[in-house]
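Chains, contacts and geometry: an overview
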Amino acid sequence: MDSYDVIIIGAGPAGLTAALYSARAKLRTLVLERAASGGQMTATDMIENYPGFPEGVSGAELAALMERQALRFGAERRSAAVLSLDLEGGLRIVRTDKGDLACRALIIASGATPRPLGCPGEAELRGRGVSYCAVCDAAFYEGCRVAVVGGGDAAVEEALYLTRFASEVLLIHRRDALRATKIVQERALAEPRLKILWDTVVEGIRGGDAVEAVDLKNLRTGQRSSEPVDGVFVYVGLSPSNAFCEALRAEDSGSYIRTDEHMRTRVPGVYAVGDVREKELRQVVTAAADGAIAATHAGKYVVEQCTENPQPLEKTMSALLEATKENFDAEVRSCGQPVLVDFWGPRCGPCLALLPVVEELAAGFAGRMKFCTVNSAENRRLAIDLKVMSLPSFLFFKGGQEVARLQGEFGRQEIVERIQAVLG
Ligand SMILES: Cc1cc2nc3c(=O)[nH]c(=O)nc-3n(C[C@H](O)[C@H](O)[C@H](O)COP(=O)(O)OP(=O)(O)OC[C@H]3O[C@@H](n4cnc5c(N)ncnc54)[C@H](O)[C@@H]3O)c2cc1C
């Protein structure tokens, strides 16, 4: 299994900035990306609000520049989709469609995707009048007529923002009352350039090279109509891209990952940055800032980990000690740490299947628990002395005494639970 000091999931602005800071701090850094680098930036023609580019910069160009800068300092990039995480031990295991990887610190920068309306024309006209970001694209609609779909805070606030540019903004909302907070609603109702179409849904978006009209239906009367518009801004929500780490999602915040101001999640050594985390303003500049903060703290975390456990990761990962009758007292009974002893046999299929699991857990719990294997075919006397009568048998020792045992049918889950119980 390849190992890194820091693995970053996602090569959007948050992940690429984290990679820049991490690699520049001389940490062995890997960025995993399932698609093109740049994330949502690549979905917009022009970014006009990222500092340093007074004439604006195309999303694709900014993405390429950010990637080049991170790679220049030694960050590696791999094309792989992250499927799941194993955060149990001291090491973080990242399972991808191209194999497993290990790291000391993990930065989740997998972003979010705007929830689409799902109506005909939406996908075809995306980037040609259909937009999911008014702060980004409003300036292209100076003097135009635009539609905003949604009724929550984001939709109403962005509709208000658009009135600074557009000649008229149609706010299309499926209900007869807005969900936005009172003060935002009051502002919207007082804004002469904002017209609200109540009880209305968008059935389709029409156009050729660009958006020309929206097809609407009034849910109350059933009446269908069409409104000519140059742009449609969709605010029916964002979905965080974090299905691979469900355990970290905060269900009470729309499943975004909750962090503190250092970008730390509730799991030590695991950080979340950018659009995937619970925050107010989801923009390139705030994603980049999150990445810088997380990488700085991840760097400190890695140094602390290396001080506690100075072995190179590869060595730590193969740190399974072979115990025998001769060294058992010294290595197991007199050990200052809890010890897991795996009694196995060369003809025992389940034992052999568990060996890679034990190796992985030994790496994960390095510094907290010692892992030993005993070949019971070569150490029969020791097995009999310890009343090991069936294989596989895992014995747990603490303070020289056996405190727990797993025998017969068990798997990774049971082993982890028993380790955690022994560690207390
Ligand atoms: C159309 C549009 C226009 C925009 N315009 C602007 C603008 O002008 N200015 C501005 O500041 N902001 C703009 N934004 C918002 C801005 O792009 C986002 O806030 C920003 O990109 C968030 O960055 P991020 O790195 O957190 O996530 P993302 O940009 O979403 O990047 C996340 C990356 O992680 C990858 N990923 C996700 N899951 C996995 C996985 N399981 N395995 C591997 N990789 C994974 C994704 O493929 C993606 O590349 C716009 C957004 C959109 C949609």
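Placed above this text is the structure.
A short tour of the structure in this document, coming up. (Residues numbered from 1 in each chain as written. Predicted model: local features only at pLDDT ≥ 70, side-chain atom pairs only at ≥ 80, totals over all residues. Heavy atoms only, no water.)

Description of the site of the ligand
The condition that has to hold: It suffices for a single heavy atom of a residue to lie within 4 Å of a molecule or strand for the residue to be listed as near it. Side-chain atoms alone can form a polar contact between residues adjacent in sequence; in general such a contact is a pair of N or O atoms within 3.5 Å, and within protein one must be able to donate a hydrogen while the other accepts it. Secondary structure is summarised from DSSP: a helix means a run of H or I of at least four residues, a strand means a run of E of at least two, and numbering begins at the N terminus for each. Polar here means any residue other than Ala, Val, Leu, Ile, Met, Phe, Trp, Tyr, Cys and Pro, which are nonpolar, and Asp, Glu, Lys and Arg, which are charged; Gly is therefore polar.
Glu33, Asn49, Cys136, Asp275 and Val284 are the nearest of the 34 residues found near the ligand. Here an oxygen atom of the ligand and a side-chain polar atom of glutamine 283 are 3.2 Å apart. Listed by contribution, the elements that provide at least two residues to the shell around the ligand are helix H1 (13-24), strand S2 (29-33), strand S3 (46-47) and helix H6 (284-308). For the shell around the ligand, a count of residues per class yields 20 nonpolar, ten polar and four charged.

Points about the sheet that holds strand S17 (residues 231-234)
The following threshold applies: Paired strands, as defined in this entry, are two strands with at least two bridges between them according to DSSP.
Taken together, five strands build an open sheet; the order of strands is S10-S17-S11-S12-S13 and the sheet is parallel. Looking at the sheet topology across the chains shown, the edges are occupied by strand S10 (130-131) and strand S13 (194-197). As defined by bridge partners, strand S11 (residues 145-149) adjoins S17 across four bridges and the pair is classed as parallel. Residue valine 148 lies in a different strand from S17, and its bridge partner there is phenylalanine 233.

What to know about the environment of isoleucine 419
As a reminder of what qualifies: Throughout, exposure labels follow a simple rule: accessible area from a 1.4 Å probe, protein chains only, divided by the maximum for the residue type, with under 20% read as buried, over 50% as exposed, and the rest as partly exposed. What makes two residues a contact is simply this: any of their non-hydrogen atoms within 4.5 Å.
Its location among the elements puts isoleucine 419 in helix H11 (residues 412-423). Here isoleucine 419 falls in the buried class, since its relative accessible area comes to 0%. Considered as a pair, isoleucine 419 and leucine 361 are 58 residues apart in the sequence and their alpha carbons are 9.6 Å apart. Excluding residues that lie within four positions of it along the chain, isoleucine 419 makes contacts with Leu340, Leu361, Phe365, Met369, Phe371 and Phe396.

Digging into the nonpolar core
Worth spelling out the cut-off: Take the buried residues of types Ala, Val, Leu, Ile, Met, Phe, Trp, Tyr and Cys, join any two whose side-chain atoms come within 4.5 Å, and each joined set is a nonpolar core.
Counting residues in each nonpolar core, the largest one holds 34 residues, and the members touching the most others are Ile8, Leu62, Ile107 and Tyr271. Broken down by secondary-structure element, the contributors of at least two residues to this core are strand S1 (2-9), H1, helix H2 (59-72), strand S8 (99-108) and H6. Looking at this core, the element that brings in the most residues is H6, giving eight residues. Excluding anything up to four places from it in sequence, tyrosine 271 contacts Ala105, Leu106, Ile107, Ile108, His262, Met263, Arg264, Thr265, Ala294, His297, Ala298 and Tyr301. Counting 24 residues, the second-largest nonpolar core is a separate cluster that includes Ala138, Tyr141, Phe233 and Tyr235.

Notes on the environment of alanine 180
When you line up the elements, alanine 180 lands in the loop between strand S12 (168-172) and helix H5 (182-190). For the pair alanine 180 and alanine 154, spaced 26 residues apart in sequence, the C-alpha separation works out to 7.8 Å. Non-local contacts of alanine 180, meaning those with residues more than four positions away in its chain, are made with Gly151, Gly152, Asp153, Val156 and Gln185.

Overview of the packing of helix H4 (residues 153-162) against H5
Counted only if it meets this: All axes are obtained by fitting lines to C-alpha atoms, using only the stretch in contact for helices, and the reported angles, taken between N-to-C directions, cover 0 to 180 degrees. Note on convention: the crossing is left-handed when the near helix lies turned anticlockwise from the far helix by less than a right angle, right-handed when the turn is clockwise.
Running from amino to carboxyl end, H4 crosses H5 at an angle of 35°, the nearest separation of the two axes being 10 Å. Crossing geometry of H4 relative to H5 is assigned as left-handed. Within the contact between the two elements, H4 uses Asp153, Val156, Glu157 and Leu160 and H5 uses Val184, Arg187 and Ala188. Split by residue class, the contact of H4 with H5 holds four nonpolar, no polar and three charged.

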